[in-house]
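Architecture and fold: a report
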Amino acid sequence: MPVEGGSSSGSASAARHPKQKRKAHSLSIRRTNSTEERPPGILRGDMLEGQDSKLPLSLRSNLLDLFGQIEREFENLYIENIELRREIDSLNERLTGDGQTIEGGDPTKGALKTKASHSTSQLSQKLKTTYKASTSKRLYTFHGKIGGPRNFSVATWELWGGDSWIVSSFKATTGSRALCQLLKEYVGHRDGIWDLSVTRTQPVVLGTASADHSALLWSIETGKCLLRYAGHAGSVNSIKFHPTEQMALTASGDQTSHIWRYMVQLPAPQPPPDVSAPCDDDQDSSDREEGEVDGEGPCEVPTVRVPTATLKSHQGVVIAADWLVGGRQVVTASWDRAANLYEVETSELVHALTGHDQELTHCCTHPTQRLVVTSSRDTTFRLWDFRDPSIHSVNVFQGHTDTVTSAVFTVGDNVVSGSDDRTVKVWDLKNMRSPIATIRTDSAVNRISVSANQRIIALPHDNRQVRLFDMSGVRLARLPRSNRMGHRRMVCCTAWNEENQSCNLFTCGFDRQAIGWNINIPALLQEK
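Residues numbered from 1 in each chain as written. Predicted model: local features only at pLDDT ≥ 70, side-chain atom pairs only at ≥ 80, totals over all residues. Heavy atoms only, no water.

What follows covers the nonpolar core. Membership of the largest hydrophobic core comes to 25 residues, with the highest contact counts inside it found for Phe381, Phe409, Val415, Val416, Met432, Ile457 and Leu459. For this core, the elements supplying multiple residues, two or more each, are strand 20 (371–376), strand 21 (381–385), strand 23 (404–409), strand 24 (414–419), strand 25 (423–428), strand 26 (437–440) and strand 28 (456–460). If you tally residues by element for this core, the top one is strand 23, at four residues. In this structure, Ala211, Leu216, Cys225 and Met490 belong to the second largest nonpolar core, which totals 22 residues. (Core = buried A, V, L, I, M, F, W, Y, C linked by side-chain atoms within 4.5 Å. Buried < 20%, exposed > 50% of the residue type's maximum accessible area, 1.4 Å probe, protein only. Helix = DSSP H or I, 4+ residues; strand = E, 2+ residues; numbered from the N terminus.)

See below:
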């Protein structure tokens, strides 16, 4: 997660120390035609020798075999495609005298599709399993350029001088009813956004915490930046708002947490954009650069530089902070493996919550009870009970096999935990021996959130997806992601706002922007 550091994307990306991301290694493989025989005496190991790579020889050999299979399958399809073109040309010549033409004679038009062989389907499934594709409930088939797929979401591979071979995924559509509608994009940070939150008092605004050392407050309706907090000397890793007053709590890589007051005036609302799409949109956003952001940063806005209170008892990066019920105390989580409980009025340390074996990644408080849950890189999360002022108890839960990135309370008696092990687990506070539901995903899960009224879980992923599930683990939808909407880099956090009988979901990511979505809850539950 975030650390203190410079405001550049590179420094902030490298700052995710407790959650290292694998770098993509380029692998150069010599492509040989299947019709040509390999010169005698040259083994695969000889072919790989001398190539600059840190991969083990056995792994590179397996990759070479895999790509060789891919090439042979596509070569067979290419030959089959050429034969079909010849047949169409021949039939068109016969029908020319009658003024008829077979649709698809033009290689760039028509609706004729080639059939995928059984071995191709097996290879496709093997590739999806090997590279951990996004779903196991889809049927993929290969199609040539003739006709091309229609009414499908497609990914195109450019091979052999521009010929396109298309892998299409069949999926159910939601008709004319859009489940998710883009509300607004909030652009202005100069580095990745780690966290975001919505105020619980009027005026309702959106707050974002960024690696550029600042926190910004936004008008939800207009997307205009209203205020900037610039009191931290490091990455701002978390932001939470006081339950009843206009105060914010931020945690930073400068080893401190700040409490600061704000006053904002909302601008006149603007009509919503006419942009909508089904929630299961699969289009890629490869046409845009990962770090590219539309628009410019906010112009001159009021800036707060001095906090009301500074909490500084930690010896490491403060990764998260939250208000306890009532707003008189706050809890902070740090990379020094401890969580601290402070009095807001005096800024004094009340309790140091120790016991985690590795760095903490998140902390969360119960909305109505004096309960705190902390998560850590040690694969556990801990439940701290402060309901009895004289003593505080702790329970340790070991339900994950990798870093627990976040654990949050629901309005009821549940805890939802997410992890780098690509699972999300739902727990009952009354019996936490084992989870009551487990959600398995295809990518690491970051800071999750649960809607208070509908109890819908929003999962932000490293692979740029955001998925919605109910408390029983049933998948409801996936937010649209295409080259005109959605995040272009890792999604770090989600937050709900259910004011005024509407349901909005906010997401933020390392592409330097936050996005607001309007979720059609009745339609979403009906689709379920």
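The next subject is the side chain of His189. Inspection of the secondary structure assignment puts His189 in the loop between strand 4 (180–187) and strand 5 (193–198). Among the residues examined, His189 registers a relative accessible area of 6% and is labelled buried. Looking at His189, its side chain comes within polar contact range of the side chain of Asp212, at 3.0 Å. Among all residues touching His189, those that are not within four sequence positions of it are Thr208, Ser210, Asp212, Ser214, Ala215, Leu216, Trp218 and Arg512. (Polar contact = N/O pair within 3.5 Å; in protein donor to acceptor, adjacent residues only side chain to side chain. Contact = heavy atoms within 4.5 Å.)

Moving on to the packing of aromatic side chains. Going through the model one piece at a time under the given rule, you end up with nine aromatic pairs. Ring geometry for Phe241 against Tyr262: centres 5.7 Å apart, planes inclined by 75°, an arrangement best described as edge-to-face. In this pair, Phe241 is assigned in strand 9 (residues 236–241) and Tyr262 in the loop between strand 11 (257–261) and strand 12 (276–277), connecting sequence segments 21 residues apart. For the pair Trp260 and Tyr262, a centre-to-centre distance of 6.4 Å together with 65° between the ring planes defines the contact as edge-to-face. Assigned by exposure class, Trp260 and Tyr262 land together as buried. Of the aromatic side chains, those joined through ring pairs into one cluster are Tyr229, Phe241, Trp260 and Tyr262. (Phe/Tyr/Trp six-rings, centres within 6.5 Å; stacked < 30°, edge-to-face > 60°.)

With that settled, the discussion passes to the environment of His314. With respect to the element layout, His314 can be found in the loop between strand 14 (309–311) and strand 15 (318–323). Looking at His314, the relative accessible area reads 4%, which means it is buried. Along the backbone, His314 and Ala352 are 38 residues apart, and their C-alpha atoms lie at a distance of 9.6 Å. Ignoring any residue separated from it by four or fewer positions in sequence, one finds His314 in contact with Gln255, Thr332, Ala333, Ser334, Asp336, Ala338, Ala339, Asn340 and Tyr342. Here the side chain of His314 touches Asp336 through a polar contact of 3.0 Å, side chain to side chain.

The next subject is the pairing of strand 20. Within a regular beta strand, the side chains point alternately toward one face of the sheet and then the other, so they alternate between its two faces. In terms of burial, strand 20 is a largely internal element, six of the six residues being buried. Alignment of strand 19 (residues 360–365) against strand 20, held across five bridges, turns out to be antiparallel. What sits directly across from Leu360, in strand 20, is Ser376. Connecting the antiparallel pair strand 20 and strand 21 is a turn made up of four residues, with Thr379 showing a positive phi of about 75°. (Pairing = 2+ DSSP bridges.)

These values are about where atoms sit, not about what they do.
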